[in-house]
Amino acid sequence: MDFQNFGLHEAVVHGVQSMGYSEPTPIQARAIPSVLGGRDLMGSAQTGTGKTAAFALPLLSLLKSHGKKIRCLVLEPTRELAAQVEIAFKDYARFFDVEIGMIQGGVGFGAQKQMLQNGVDVLVATPGRLLDFMEEGVVDLSGIEYLVLDEVDRMLDMGFLPQVRRVVEKCPKQRQTLFFSATLPPEIESLTKWVLKDPEIISIGERRSPAETVTHALYPVAKDQKFDLLLALLEKTQYHSVIVFTATKVMADRVAARLLDLKHPVACMHADRSQSERSEALEGFKTGKYEVLVATDVAARGLDIASVSHVINFDVPGHPEDYVHRIGRTGRAQQEGDAFTLFTAEELDAVRAIERYINMSIPRQKLEGFNYLYTALFNESAIPQGGAARGGRTLKGYSFGARKKK
Ligand code: AMP
């Protein structure tokens, strides 16, 4: 199977081939014919599966040429994802006469307004800024023929569903709608009933299991030593680039500041940083200016950063799905990656929930040469569910040794 067999527009096939992609991924193979055939779609594929091209290629083919009104609207939960999807559309449309634009919050209105006034065929947007422009009368959605709601469960998490509904209300009823969500909680299910008509349901790459190319390890540690262990791990590990995830924005700032004090080339990314700071952090991390990116879960979903060699969870994610998303930042496209998770006694239940979710037990490691304070976790098997504070004092069952150097 190659891209020529689908009946995609020639220029789009040329665009995707010039990206070096010759074979469609499974979601592309299923979604492209269905979208070209005019069906609504409900896809439960995650990012990393080639989902963007699965909707961008057929939609560009259907659009065919530059028109007067916005004809295709793509809603994304975060600014980074919106930027990434805009770039993907532009890449695939490089031999094609279609205008693509993006609007996102956190930056000035002027340039975006100008772009809208010049006219675009495809608009990629985050819901908040789109509504601002709609209220101002700068955006007209009456010409929408194709609507893509991407990462809808993420939009739900971020409290955007009311905005999404307001946007959908302004789109013509006669349209084709593509809907992507990794999970389907009841709020989302009711939304699908409202926005989709007889959709084709495609569930691909619903990956509970992280990529097989990722090596996992859990590092139990006493609370007071978390930062020291992070430092020791960074010192002992030959990493190319590492993302350190924290549970909160405050903790991300704190960890980044301490690493900076110690002269690590570090950038920090979370929702309270300005758009220019976030873009600079991401760009600097991609180009290698920063070797360490400290981030909250804002960065965990969907960002396509090539060659992240290590992910370190400074805090254990509270939702097991987020573990899979976080470590999905490494081991992409068959590259190898390592995922380390530091955890304290308070986080043991969250660790066990992750292991149940991914259906594998993650090896516990101790870093050789690190001066450990005692923690009850060293005899974890003696700790009952929900009882992380109790436990014995043996060190049995531990595999010592730093990870192998690459
Ligand atoms: P996505 O799931 O859309 O975030 O895509 C994940 C990565 O796969 C991106 O870097 C895409 O550019 C890349 N990609 C998309 N389609 C293909 C393909 N058919 N073959 C190889 N890589 C692809």
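(A) Here's a closer look at the overall build of the chain. Regarding its fold elements, the chain presents 14 helices and 15 strands. Every one of the 406 residues in the chain was classed for burial, and the buried ones make up 57%. Put simply, 75% of the contacts in the chain that link residues at least 6 apart link residues at least 24 apart.

(B) Here's a closer look at helix α10 (residues 226-236). Most of α10 sits out of view: eight of its 11 residues are buried. Looking at α10, one finds that the buried residues are K226, F227, L229, L230, L231, A232, L233 and L234. Of the surrounding secondary structure, the elements contacted by the buried residues of α10 are β8 (214-220), β9 (242-245), α11 (249-261), β12 (310-313) and β13 (337-343).

(C) A look at the pattern of salt bridges. In the structure shown here, the tally under the stated rule is 18 salt bridges. The salt bridge involving D140 is made with K69; its shortest N-O contact spans 3.6 Å. Taken together, the positions of D140 in the loop between α6 (127-136) and β5 (146-149) and K69 in the loop between α3 (51-63) and β2 (72-75) put the pair 71 residues apart, joining distant regions of the chain. D140 gets classed as partly exposed once you look at its relative accessible area, which sits at 37%. A residue is classified by how much of its surface remains accessible, and K69, at 39% relative accessible area, is partly exposed. For R273, the salt bridge identified is with E277, shortest N-O distance 3.7 Å. Relative accessible area serves as the criterion here: at 24%, R273 is assigned to the partly exposed category. Connected through salt bridges with shared partners, the residues R39, D198 and E200 form a single ionic network.

(D) Examining the sheet that holds β9 more closely. Taking strand neighbours across the sheet as the criterion, the six strands line up as β8-β13-β12-β9-β11-β10 in an open arrangement whose pairing is parallel. The sheet is open, and its two edges are formed by β8 and β10 (266-269), each paired on a single side. If you compare each strand with its neighbour and ignore which way they point, the axes differ by 20° on average. Inspection of the sheet shows β9 paired to strand β11 (residues 292-295) by four bridges, in the parallel sense. Bridge pairing in β11 links F245 to A295.

(E) Up close: the sheet that holds strand β6 (residues 176-180). If you trace the seven strands from one edge of the open sheet to the other, you get β3-β4-β2-β5-β6-β1-β7, paired in parallel fashion. The open sheet has two edge strands with one neighbour each: β3 (100-103) and β7 (200-202). On average, each strand axis in the sheet is inclined to that of its neighbour by 15°, with strand direction left out of account. Bridging between strand β1 (residues 41-43) and β6 involves three bridges; their strand directions are parallel.

(F) Focus on the environment of M360. You can see M360 is positioned in the loop between α14 (348-358) and β14 (365-366). Residues in contact with M360, not counting those within four places in the same chain, are H216 and E355.

(G) Examining the packing of aromatic side chains more closely. Taken as a whole, this structure holds six aromatic pairs when the rule is applied. A centroid spacing of 5.4 Å and a plane angle of 70° characterise the contact between F109 and F133, whose relative ring orientation is edge-to-face. Taken together, the residues F109 in the loop between β3 and α5 (110-118) and F133 in helix α6 connect sequence positions 24 residues apart. Considering the side-chain rings of Y219 and F340, the 5.5 Å spacing of their centres and the 75° angle between planes classify their relative orientation as edge-to-face. Remark: F340 occurs in strand β13 and Y219 occurs in strand β8; sequence separation between them is 121 residues. For Y219, a relative accessible area of 1% puts it in the buried group.

Definitions and cut-offs
Residues numbered from 1 in each chain as written. Predicted model: local features only at pLDDT ≥ 70, side-chain atom pairs only at ≥ 80, totals over all residues. Heavy atoms only, no water. Helix = DSSP H or I, 4+ residues; strand = E, 2+ residues; numbered from the N terminus. Buried < 20%, exposed > 50% of the residue type's maximum accessible area, 1.4 Å probe, protein only. Contact = heavy atoms within 4.5 Å. Salt bridge = Lys/Arg side-chain N within 4 Å of Asp/Glu carboxyl O. Pairing = 2+ DSSP bridges. Axes fitted to C-alpha atoms, helices over the stretch in contact; angles between N-to-C directions. Phe/Tyr/Trp six-rings, centres within 6.5 Å; stacked < 30°, edge-to-face > 60°.

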